[in-house]
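Take a look at the letters that make up each chain.
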Amino acid sequence: MRRTAARAGAGPVVDAPVPEPVAAPEQFSAPAPAAAPAPAPAPVAQPLRTEFPFELPRGYVDDAGTVHRDGVMRLATARDELIPLRDVRVQENPAYLSVVLLGRVITRLGTLAMVHDGIVENMFASDLAFLQDFYRQVNAEGHTRASVECPHCSEPFEVELGGSRLGES
């Protein structure tokens, strides 16, 4: 505030507010842009994993007596889940759905040339239960492994969520 002079004969001198000077239009300018932070490195895109190896608890025994335990299951598509619903065997017995479905998504089993529902139909019950559980893990959860960190040493490692044998978790 400034002290203003009183006019002659107007009385005593008083403190009155003086308006602030108005800036000329050329004095208005946008604030200088702040330095942009360095861009974070783009995350490396992981390819979608569509096939998952497994090992059967007992193994499929073929006509020659060979035991086949190692296999690969692929992710199921909507078509894989819809087509078996038209199968007469599934319509007569809904429990047969998992046999037909597994016959479609198992891409390899041991040295067999081809895997189909007839192969799955002749597996031991414990292997069928294992494959049903494995199918749920792969298709519902997206994977069977999780990245974790050791609480003691902070080292990262992966754990198998579904276990490698029937009943493990």
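The structure presented is a predicted model; accordingly, all values stated were derived computationally and were not measured.

Enquirer: Looking at this model, I keep getting lost on the overall build of the chain. Mind explaining?
Expert: From N to C terminus, the chain includes five helices and seven strands. Moving toward the C terminus, one meets the helices and strands of the chain in the order β-β-β-β-α-α-α-β-α-α-β-β. Counting every position in the chain, which comprises 169 residues, the buried fraction comes to 27%. Per element, the accessible surface of the chain, about 12300 Å² overall, is 57% carbon and sulfur.

Enquirer: What exactly am I supposed to notice about unusual backbone geometry here?
Expert: One can expect most non-glycine residues to show negative phi and most peptide bonds to be in trans. Backbone geometry places S154, a non-glycine residue, at a positive phi of 65°. Considering the arrangement of structural elements, one finds S154 in the loop between β6 (145-149) and β7 (156-160).

Enquirer: Sorry, what's going on with the pattern of salt bridges here?
Expert: Pairing of side chains with opposite charge becomes possible as their charged atoms draw close. Under the defined criterion, the tally for this structure stands at six salt bridges. Across the pair D80 and R104 runs a salt bridge whose closest N-O atoms are separated by 3.1 Å. Within this pair, whereas D80 is found in helix α1 (residues 78-82), its partner R104 is found in helix α3 (residues 97-105), the two being separated by 24 residues in sequence. With relative accessibility at 29%, the residue R104 sits in the partly exposed group. Between R89 and D87 there is a salt bridge, with its nearest N and O atoms 2.7 Å apart. Judged by relative accessible area, D87 falls into the buried class, the value being 18%. The network of salt bridges with common partners includes R74, D80 and R104.

Enquirer: Can you walk me through the packing of aromatic side chains in this structure?
Expert: Pairs of aromatic rings are described using the distance from one ring centre to the other and the angle between the two planes. One pass over the structure, following the stated rule, counts three aromatic pairs. Ring centres of F54 and F130 lie 6.4 Å apart, and the angle between their planes is 55°; this geometry places the pair in the tilted category. You can see F54 sitting in strand β3 (residues 51-61) and its partner F130 sitting in helix α5 (residues 125-140), a full 76 residues away along the chain. Overall, the relative accessible area of 6% leaves F130 in the buried class. When the centroid spacing of 6.0 Å and the interplanar angle of 10° are considered together, the rings of F130 and F134 count as stacked. Taken together, the residues F130 and F134, both in helix α5 and four residues apart, mark about one turn of the helix. Judged on exposure class, the residue F130 and its partner F134 are both buried. The rings of F54, F130 and F134 are connected pair by pair, giving a single aromatic cluster.

Enquirer: In this structure, what is going on with the nonpolar core? I would like to understand it.
Expert: Within soluble globular proteins, side chains that are nonpolar tend to cluster in buried spots. Within the largest apolar cluster, 25 residues are counted, with the highest numbers of intra-cluster contacts made by F54, M73, L102, I106, L109, M123 and L131. Contributions of two or more residues to this core are made by β3, α3, β5 (106-109), α4 (117-121) and α5. For this core, the element with the highest residue contribution is α5, accounting for six residues. If we ignore the near neighbours within four places in the chain, the residues touching F54 are R69, D70, G71, V72, M73, I106, R108, L109, F130, L131 and F134.

Enquirer: Explain a nonpolar patch on the surface here, please?
Expert: On the surface, a cluster of nonpolar side chains totalling about 250 Å² of accessible area is made up of V61, V67 and F124. Considering the arrangement of structural elements, one finds V67 in strand β4 (residues 67-74).

Enquirer: Would you take a moment to explain the packing of α3 against α5 for this structure?
Expert: In a pair of packed helices, the angle between the axes and the distance between the axes together describe the arrangement. The N-to-C vectors of α3 and α5 enclose an angle of 70°; their axes lie 11 Å apart at closest approach. If you check the angle between α3 and α5, you find them roughly perpendicular. Like other packed secondary-structure pairs, α3 and α5 cross with a definite hand, here left-handed. The segment α3 lies against α5, with S98, L101, L102 and V105 engaging L128, L131, Q132 and Y135. In terms of residue class, the contact of α3 with α5 is made up of six nonpolar, two polar and no charged.

Calculation notes
- Every residue gets a number counted from 1 within its own chain, in the order that chain's sequence is written.
- Residues qualify for local features only when their pLDDT is at least 70, as the model is predicted, and side-chain atom pairs are given and counted only at 80 or more; totals for whole chains, interfaces and linings, by contrast, use all residues.
- To obtain the side-chain values, all non-hydrogen atoms of the structure were included, while hydrogens and water were left out.
- Secondary structure elements are taken from DSSP: a helix is a run of H or I of four residues or more, a strand is a run of E of two residues or more, and numbering for both begins at the N terminus.
- Three exposure classes are used, based on accessible area relative to the maximum for each residue type with a 1.4 Å probe and protein chains only: buried under 20%, partly exposed in between, and exposed over 50%.
- Here the Shrake-Rupley method, with its probe set to 1.4 Å, supplies the accessible areas, and only the displayed protein chains count as covering residues.
- Here a salt bridge means any side-chain nitrogen of Lys or Arg lying within 4 Å of a carboxyl oxygen belonging to Asp or Glu.
- Under the pairing criterion, centres of Phe, Tyr and Trp rings, with the six-membered ring standing for Trp, must be within 6.5 Å; the plane angle then separates stacked pairs below 30 degrees from edge-to-face pairs above 60, leaving the rest tilted.
- Remark: nonpolar core denotes a set of buried residues (Ala, Val, Leu, Ile, Met, Phe, Trp, Tyr, Cys) joined through side-chain atoms within 4.5 Å.
- By the convention used here, residues are in contact when the closest approach between their heavy atoms is within 4.5 Å.
- Distance thresholds for patches are 9 Å for like charges and 5 Å for nonpolar side chains (Val, Leu, Ile, Met, Phe, Trp, Tyr), applied to residues having over 30% relative accessible area and no salt bridge.
- Angles run from 0 to 180 degrees between N-to-C directions of axes, and those axes are lines fitted to C-alpha atoms, restricted for helices to the stretch in contact.
- Working rule for angles: under 35 degrees goes down as roughly parallel, over 145 as roughly antiparallel, 65 to 115 as roughly perpendicular, anything else as oblique.
- Crossing handedness follows the turn of the near helix against the far one: under a right angle anticlockwise gives a left-handed crossing, and clockwise gives a right-handed one.
- Nonpolar residues are Ala, Val, Leu, Ile, Met, Phe, Trp, Tyr, Cys and Pro. Charged residues are Asp, Glu, Lys and Arg, and all others, Gly as well, are polar.

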